[in-house]
Amino acid sequence: MKDKPEEKDDAVAKTFARIFKRQTADSATIAGAVDKLAKLSATYPDLQAAAALQAALLRTMYAAPAPVQSLDISAETAAIRLIAGTPLLHGVALPFREQDLRALFLRLCASARNQSENHTSTAAVLEQAVQRGRLDLWALSHRLIGGEGSTLATDLDTQDLPAALTMTLLRLALLPFLEQVAVQLAPLRAGQSWQQGYCPSCGAWPILAEQRGLEQFRYLRCGLCTDSWEVDRIWCVFCHNRDHLQLGYVQVEGEEQKQRAATCDVCHSYLKLRSTLTPLSAPELLVEEVALAHLDLIALDKGYAPP
Ligand SMILES: [Zn+2]
Ligand SMILES: [Zn+2]
């Protein structure tokens, strides 16, 4: 898609902003998340670099509006898709502008470059690839949400692009847009059952599960659009195994009430669990990525892997 003239862009952006005011993270939530990252880094010096980078990226993600248009999916179409196990956004044109996504991606590259010496050269490679049209973020985003996520990293590798950083920054660039899209989709999902481990809105795997309230009901949280959906506790969300003898946990002694990882010995995957009273906001989900990183190390060390 070619860029339109700038003046017209501004007018369109203002219209979008009027139609869809942010309904997502406010400045107090973002400040709270940044503060939690600072506390994590003070308590666990090993997390210092990761926490500082995540805080910088988080501030960048929410520094400017992410205008989103209205999605046109009927209740009937949504019901058919959900019954068939098809995420609502599969094959749908994303309801925001390519240039807004690209601008945020470039700002995230600059944040990563400034914040972390490890990323100085790779982030610069990415910025150049986007500016020279070698990296098509729009096509990549549609493939990611169209269910082709698993082949993207290999394709980026063959193009000599840093796959891990590209996917991390693309996910963070998409998130402020997609969390608003998920808010729009929520009424279409109300009352419809969804018995899948992947996200009913965008199709991504969950980044963690919340164990909510005293009853510890389990809600999966999508790492791409932040949507949430309830699932059974004795169930592997990745392979649907329900044999409790094949399901287990890994944890750090003393913190199992607050956080641990559920494991499956059929598909050898794991899912991080976090006890919460209320749903985590999108910035809080990004804090948990850093706070629960030790569970990833323990699970990987025991032979489990992400899906
Ligand atoms: Zn999602
Ligand atoms: Zn499994």
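Residues numbered from 1 in each chain as written. Chains lettered and ligands numbered in written order. Predicted model: local features only at pLDDT ≥ 70, side-chain atom pairs only at ≥ 80, totals over all residues. Heavy atoms only, no water.

1. Overview of the side chain of S141
Formally: Helix and strand definitions follow DSSP, with helices as H or I runs of at least four residues and strands as E runs of at least two, each counted in order from the N terminus. Here the term buried applies to any residue with accessible area under 20% of the maximum for its type, exposed to any over 50%, and partly exposed to those in between, with areas from a 1.4 Å probe on protein chains only. Every residue pair with non-hydrogen atoms within 4.5 Å of one another is taken to be in contact.
Relative to the helices and strands, S141 resides in helix α7 (residues 137-158). Among the residues examined, S141 registers a relative accessible area of 0% and is labelled buried. Setting aside chain neighbours within four positions, we find S141 in contact with L94, L101, L170 and L174.

2. Overview of the coordination of the zinc ion (ligand 2)
How we decide: Counted as coordinating are nitrogen, oxygen and sulfur atoms within 2.8 Å of the metal, or 3.2 Å for Na, K and Ca, while water is not included, which may make sites look incomplete. Between 85 and 135 degrees for all angles marks four donors as tetrahedral; over 155 degrees for opposite donors together with 65 to 115 for all other angles marks four donors as square planar and six as octahedral; every other arrangement is irregular.
Protein coordination of the zinc ion (ligand 2) is provided by C236 (SG), C239 (SG), C264 (SG) and C267 (SG), with donor distances spanning 2.3 Å. Each of the 4 donor atoms around the zinc ion (ligand 2) contributes to a set of angles spanning 106 to 113°, which defines the coordination as tetrahedral. Spacing between the donor residues of the zinc ion (ligand 2) along their common chain follows C-x2-C-x24-C-x2-C. Residue C236 is found in the loop between β3 (228-231) and β4 (247-250), and its partner C264 is found in strand β5 (residues 259-264); the two are separated by 28 residues along the sequence.

3. Structural notes on the nonpolar core
Here is the rule we go by: In this text, buried Ala, Val, Leu, Ile, Met, Phe, Trp, Tyr and Cys residues form a nonpolar core when linked through side-chain atoms within 4.5 Å. The start and end points of each domain follow an automatic or database-based domain assignment.
By size, the foremost hydrophobic cluster in this structure holds 83 residues, and its most contacted members are F96, L101, F105, L135, L178, C202 and L224. It is helix α8 (residues 163-189) that provides the largest number of residues to this core, a total of 15 residues. Split by domain, this core shows at least three residues from each of two domains, domain 1 (6-25 + 62-189) and domain 2 (206-301).

4. Brief notes about the coordination of the zinc ion (ligand 1)
Distances from the zinc ion (ligand 1) to its protein donors, namely C199 (SG), C202 (SG), C222 (SG) and C225 (SG), fall within the range 2.3 Å. Counting residues between consecutive donors of the zinc ion (ligand 1) along the chain gives the motif C-x2-C-x19-C-x2-C.

5. As for the domain arrangement of the protein chain
The following threshold applies: Buried area counts how much accessible surface, traced with a 1.4 Å probe, disappears from two parts once they are put together, with both parts' losses summed. Put simply, a salt bridge is a Lys or Arg side-chain nitrogen that is within 4 Å of an Asp or Glu carboxyl oxygen. We define a polar contact as two N or O atoms separated by no more than 3.5 Å, with the added condition that, inside protein, one atom must be a possible hydrogen donor and the other a possible acceptor, whereas residues neighbouring each other in sequence contribute only through side-chain atom pairs.
Under the domain assignment, the protein chain is made up of domain 1 (6-25 + 62-189) and domain 2 (206-301). Relative placement of domain 1 and domain 2: their C-alpha centres are 25 Å apart. Across the boundary between the two partners, domain 1 contributes 12 residues, which contact 11 residues of domain 2. Here domain 1 meets domain 2 over a buried area of about 970 Å², counting both sides, of which 63% is carbon and sulfur. Three residues stand out in domain 1 for area buried against domain 2, namely R171, L175 and R189, and they jointly supply 48% of the buried area on that side. The interface formed by domain 1 and domain 2 holds 2 salt bridges in total. The salt bridge partner of R171 is E289, with a shortest N-O separation of 2.6 Å. At the junction of domain 1 with domain 2, the criterion picks out 4 residue pairs in polar contact (both at pLDDT 80 or more). Contributing elements (two or more residues each) for the side of domain 1 that touches domain 2: α7 and α8.

6. Some thoughts on the packing of helix α2 (residues 27-43) against helix α9 (residues 282-291)
Rules: The axes used here are C-alpha line fits, helices contributing only the stretch in contact, and every angle between their N-to-C directions lies in the interval 0 to 180 degrees. Roughly parallel here means an angle under 35 degrees, roughly antiparallel means over 145, roughly perpendicular means 65 to 115, and every remaining angle is called oblique. The residue classification treats Ala, Val, Leu, Ile, Met, Phe, Trp, Tyr, Cys and Pro as nonpolar and Asp, Glu, Lys and Arg as charged. All others, Gly included, are polar.
Their axes nearest at 9 Å, the elements α2 and α9 cross at an angle of 10°. Looking at the two axes, α2 sits roughly parallel to α9. Seen from α2, the contacting residues are T29, I30, A33, K36, L37 and L40; seen from α9, they are P283, E284, V287, V290 and A291. The residue makeup of the contact of α2 with α9, split by class, is 8 nonpolar, 1 polar and 2 charged.

7. Description of the pattern of salt bridges
Taken as a whole, this structure holds 13 salt bridges when the rule is applied. Salt-bridge contacts for D232 lead to R242; the nearest nitrogen and oxygen are separated by 2.9 Å. Residue D232 is found in the loop between β3 and β4, and its partner R242 is found in the loop between β3 and β4; the two are separated by 10 residues along the sequence. Look at R242 and you get partly exposed, because its relative accessible area is 44%. Each of R143, E148 and D155 takes part in a single network of salt bridges with overlapping partners.

8. Quick word on the pairing of strand β6 (residues 270-276)
The condition is simple: DSSP bridges decide pairing: two strands pair if at least two such bridges lie between them.
By the criterion of burial, β6 is predominantly enclosed, with 7 of the 7 residues buried. Burial along β6 is two-sided: the residues Y270, K272, R274 and T276 and L271, L273 and S275 are all buried. Here strand β1 (residues 206-212) pairs with β6 via 4 bridges, running parallel. If you follow R212 over to β6, its bridge partner there is T276. Bridging between β5 and β6 involves 5 bridges; their strand directions are antiparallel. In the strand pairing of β6, A262 is matched with L271. As consecutive antiparallel partners, β5 and β6 are separated by 5 residues, and within that stretch H268 has a phi angle of approximately 60°, a positive value.

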